[in-house]
Each structure stands twice: as structure tokens, then as C-alpha cells.
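Here is how the chains run, residue by residue.
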Amino acid sequence: MDEYMKNIKIYTDGSFKKSKAGISFLIINPGKNKILGYTNLKCKKNIQAELQAIIHALQYLLNIDMSLENKKIEVVTDEISIVECRFSF
């Protein structure tokens, strides 16, 4: 498998107002379909909504039985508090 096929890019966004949040994610996996997901949930802060968007995207990948082994996952978000996170699978 070439390096290009090992990269997954996830775009996330979360919004928060009056204890309600909306989250969305777009997963781009080269050579595969693009995946868009969104939902509403309860949160206490905007950062929680942003983190929930990332968590939901990763859970989605695992739920469709996508192997994340040897994959580079890049998360793009507009939340400045999320600087760099590293996950190992």
C-alpha cells in the first residue's frame, strides 16, 4: 500500500449555545467515498462540542470496521484550544 492510501483527513466543527451543541465531521479517505456525519447533543462548553465532533468521527471509522492501523489521521478544526493530539491504535 502506498503512503497516499494511508492518510485520512477529518474536518470537524462544533457549535454551542444554551447547553445545546451541534457537531459535524467530514472524513476524506483517499480512494474511498467521503463520509459526512452530524448530530445534536448536550454540552456545557464549546470545547466539548469540538472534541465530541472528533470523537464521533473516530468512532464512526471504528464502527464501519475500518482498520486504523498504520494510518496517519489528520484532524482539521477551528478550535484553537485543540493544538495537537496523538492517538495510537
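Rules and cut-offs
- Residues numbered from 1 in each chain as written.
- Predicted model: local features only at pLDDT ≥ 70, side-chain atom pairs only at ≥ 80, totals over all residues.
- Heavy atoms only, no water.
- Helix = DSSP H or I, 4+ residues; strand = E, 2+ residues; numbered from the N terminus.
- Buried < 20%, exposed > 50% of the residue type's maximum accessible area, 1.4 Å probe, protein only.
- Areas by Shrake-Rupley, 256 points an atom, 1.4 Å probe, with all protein chains shown as cover.
- Contact = heavy atoms within 4.5 Å.
- Salt bridge = Lys/Arg side-chain N within 4 Å of Asp/Glu carboxyl O.
- Core = buried A, V, L, I, M, F, W, Y, C linked by side-chain atoms within 4.5 Å.

A. The arrangement of the overall build of the chain in detail. Scanning the chain for helices and strands turns up 1 helix and 4 strands. Mapped from its N terminus to its C terminus, the chain presents α and β elements in the order β-β-β-α-β. Here the chain holds 89 residues, and 28% of them are scored as buried. Accessible area of the chain: about 6600 Å², with a carbon and sulfur share of 51%.

B. Spotlight on the environment of Ile 10. Here Ile 10 shows up in strand β1 (residues 7-17). You can call Ile 10 buried: its relative accessible area is 0%. When the C-alpha atoms of Ile 10 and Ala 57 are compared, they prove to be 7.4 Å apart, with 47 residues separating the residues in sequence. Those residues in contact with Ile 10, other than ones at most four positions away along the chain, are Phe 25, Leu 26, Ile 27, Ala 57, Leu 58, Leu 61, Ile 73, Glu 74, Val 75 and Val 76.

C. Region of interest: the environment of Thr 39. Along the polypeptide, Thr 39 turns up in strand β3 (residues 35-42). Thr 39 gets classed as partly exposed once you look at its relative accessible area, which sits at 31%. For the pair formed by Thr 39 and His 56, sequence separation is 17 residues and the distance between their alpha carbons is 9.3 Å. When neighbours within four sequence positions are excluded, Thr 39 is seen to be in contact with Ala 21, Gly 22, Ile 23 and His 56.

D. Quick look at the pattern of salt bridges. This model, assessed by the stated rule, comprises 1 salt bridge. Residues Glu 74 and Lys 9 are paired through a salt bridge, measuring 3.8 Å at the closest nitrogen-oxygen approach. Taken together, the positions of Glu 74 in strand β4 (residues 72-76) and Lys 9 in strand β1 put the pair 65 residues apart, joining distant regions of the chain. Residue classification places Glu 74 among the partly exposed positions, given a relative accessible area of 37%.

E. Fine view of the nonpolar core. Ile 8, Ile 10, Phe 25, Ile 27, Ile 35, Ile 54, Ala 57, Leu 58, Leu 61 and Leu 68 form the largest nonpolar core, which has 10 residues in total. Of all the secondary structure elements, the ones that give two or more residues to this core are β1, β2 (20-28) and α1 (46-63). Per-element accounting of this core gives the leading share, 4 residues, to α1. Counting 5 residues, the second largest nonpolar core, distinct from the first, contains Ile 23, Cys 43, Ala 49 and Ala 53.

F. Representation of the side chain of Thr 12 within the structure. Its location among the elements puts Thr 12 in strand β1. Residue Thr 12 is classed as buried on the basis of its relative accessible area of 7%. Sequence-distant contacts of Thr 12, that is, excluding residues within four places in its chain, are made with Ser 24, Phe 25, Glu 50, Ala 53, Ile 54, Val 75, Val 76 and Thr 77.

All we've got here are geometric facts, nothing functional implied.
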